[in-house]
Amino acid sequence: MLTQLNKEVVMTKDSLASKGEVGTPILEVKSLCKTFPLPNGGLLEACKGVSWSLWRGESLGIVGESGCGKSTLMKMVMRMLEPTSGEIYLDGVRMEKRTGKEAREQRRKIQMVFQDSSQAFDPRMTVADIICEPLYNFGLLKRGEATNIAIRYLEMVGLDGSFANRYPHEMSGGQRQRVAIARALVLEPDIILFDEATSALDVSVQDSIAKLLVKLQKEKNLTYIFVAHDIAFIRSMCHRVLVMYYGEVVEEVAAKQLTKAKHPYTQKLLRAVFEVTRERQRIVI
Ligand SMILES: Nc1ncnc2c1ncn2[C@@H]1O[C@H](COP(=O)(O)OP(=O)(O)OP(=O)(O)O)[C@@H](O)[C@H]1O
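Definitions and cut-offs
Residues numbered from 1 in each chain as written. Predicted model: local features only at pLDDT ≥ 70, side-chain atom pairs only at ≥ 80, totals over all residues. Heavy atoms only, no water. Helix = DSSP H or I, 4+ residues; strand = E, 2+ residues; numbered from the N terminus. Buried < 20%, exposed > 50% of the residue type's maximum accessible area, 1.4 Å probe, protein only. Core = buried A, V, L, I, M, F, W, Y, C linked by side-chain atoms within 4.5 Å. Contact = heavy atoms within 4.5 Å. Axes fitted to C-alpha atoms, helices over the stretch in contact; angles between N-to-C directions. Left-handed = near helix turned anticlockwise from the far one by under 90°. Nonpolar A, V, L, I, M, F, W, Y, C, P; charged D, E, K, R; others polar. Pairing = 2+ DSSP bridges. pLDDT = per-residue confidence, 0-100. Salt bridge = Lys/Arg side-chain N within 4 Å of Asp/Glu carboxyl O.

For the protein chain, an unreviewed UniProt entry supplies the name Glutathione import ATP-binding protein GsiA and the organism Veillonella criceti.

Structure follows, in structure tokens:
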């Protein structure tokens, strides 16, 4: 099933390439560094001069062991963390230079879906208000006008419109994650970052959300970044994969070529996946 998704994703890339739309990066990160002060007075280098580019309609995977700097990188792209040095360009314009209306527009263009979205939801808010909250925050909608818009986005993510009146605790983890995707979509972004967004879900739910994301990407020409520990998921969803190790990008490889990756750390990462797979197979037998 995952292999099938991969084919669909690659087709999207190929069709974009044939239209000549892969020339200018939608997002570009140049020599990005982030250091955090340590209690002993030293500095922790969470990102050490990371550079990469991402094109419209593309899906980029970022993998690496815990603590290698993936979330720090994502937070800098989201402007939730200030880089220590380096530059981030959105549509060819330096993000840090945008102010006022342009900065707001920039915030609208990049949205993020986290692993446990239910923690970010206010338990007293209905699903309609949760989905439309970004519109309230941007002054694009008045409270009380949410239902029709929420229903449209609920249906877009494969949920019945009646979910609009529910509360977060009245939904399953998979349904909550679909609501989180609807909430990310409501501002009509260009780029969506997924930080372990499907890791906590059952494999079959993960698979249906993966299909939904591929469908939405095709329909809306969305650009995705996936941060995940699950290499099989990354391989099926992405065009390219960046492998991070101790704050650095040690390898960049086409997702289809991931098994041929050369860096010793990437090979170790892949071996670990195959060992887990073999272990699972043994249990099944
Ligand atoms: N606000 C912070 N203050 C100090 N150190 C931080 C801060 N945020 C992250 N770090 C440190 O920076 C390094 C990179 O953390 P980061 O969360 O980016 O890793 P990660 O690759 O996303 O890990 P995981 O896969 O476990 O989420 C870690 O050593 C972490 O402890």
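Turning our eyes to something else, we now look at unusual backbone geometry. Phi at Glu-188 is positive, roughly 50°, even though this residue is not glycine. As for its placement among the helices and strands, Glu-188 is situated in the loop between helix H7 (173-185) and strand E7 (191-195). Non-glycine residue Tyr-246 carries a positive phi angle of around 45°. Position of Tyr-246 among the secondary structure elements: in the loop between strand E9 (240-245) and strand E10 (248-254). Relative accessible area serves as the criterion here: at 54%, Tyr-246 is assigned to the exposed category.

Now for the nonpolar core. By size, the foremost hydrophobic cluster in this structure holds 59 residues, and its most contacted members are Ile-131, Val-179, Ile-181, Leu-185, Phe-194 and Phe-226. Looking at which element gives the most residues to this core, the answer is helix H5 (residues 127-137), with seven residues. Not counting residues within four places of it along the chain, the set of residues in contact with Ile-181 comprises Val-113, Val-157, Phe-194, Ile-209, Leu-212, Leu-213 and Leu-216.

Before going further, it helps to examine the packing of H5 against H7. Axis separation between H5 and H7 bottoms out at 7 Å; the angle between their running directions is 35°. As for the relative orientation of H5 and H7, their crossing is right-handed in sense. Residues Val-127, Ile-130, Ile-131, Glu-133 and Pro-134 of H5 touch H7, and the partners they reach there are Val-179, Ala-182 and Arg-183. Class assignment of the residues belonging to the contact of H5 with H7 gives a composition of six nonpolar, no polar and two charged.

On to the sheet that holds strand E1 (residues 25-37), then. Strands sit in the order E2-E1-E4-E5 across an open sheet of four strands; the sheet is antiparallel. Two strands close off the open sheet at either side, each with one partner strand: strand E2 (43-55) and strand E5 (93-94). In this sheet, E2 lies alongside E1 in antiparallel orientation, the contact comprising nine bridges. Along E2, the bridge assignment pairs Leu-32 with Val-50.

Turning to the confidence of the model for the protein chain, a few remarks are in order. Per-residue confidence for the protein chain gives a mean pLDDT of 85; residues scoring 70 or more make up 88%. Within the model, the stretch residues 10-20 combines pLDDT values under 50 with 13 contacts to residues more than four positions away or in other chains. The model gives residues 280-285 a pLDDT under 50, and that stretch makes zero contacts with residues more than four places away or in other chains.

Here we come to the pattern of salt bridges. Counting across every chain of the model gives 13 salt bridges. The partner of Asp-91 in a salt bridge is Arg-56, with the nearest N and O atoms 3.6 Å apart. Linking Asp-91 in the loop between strand E4 (85-90) and E5 with Arg-56 in the loop between E2 and strand E3 (59-63), this pair joins segments that are 35 residues apart in sequence. Using a relative accessible area of 31% as the deciding quantity, one classes Asp-91 as partly exposed. In this structure Arg-56 comes out as partly exposed when scored by relative accessible area, which is 29%. Between Glu-96 and Arg-94 there is a salt bridge, with the nearest N and O atoms lying 3.4 Å from each other. By relative accessible area, which is 23% here, Glu-96 ends up partly exposed. You can call Arg-94 partly exposed: its relative accessible area is 23%. Overlapping salt bridges, with partners in common, bring together Arg-56, Asp-91, Lys-109 and Asp-190 in one network.

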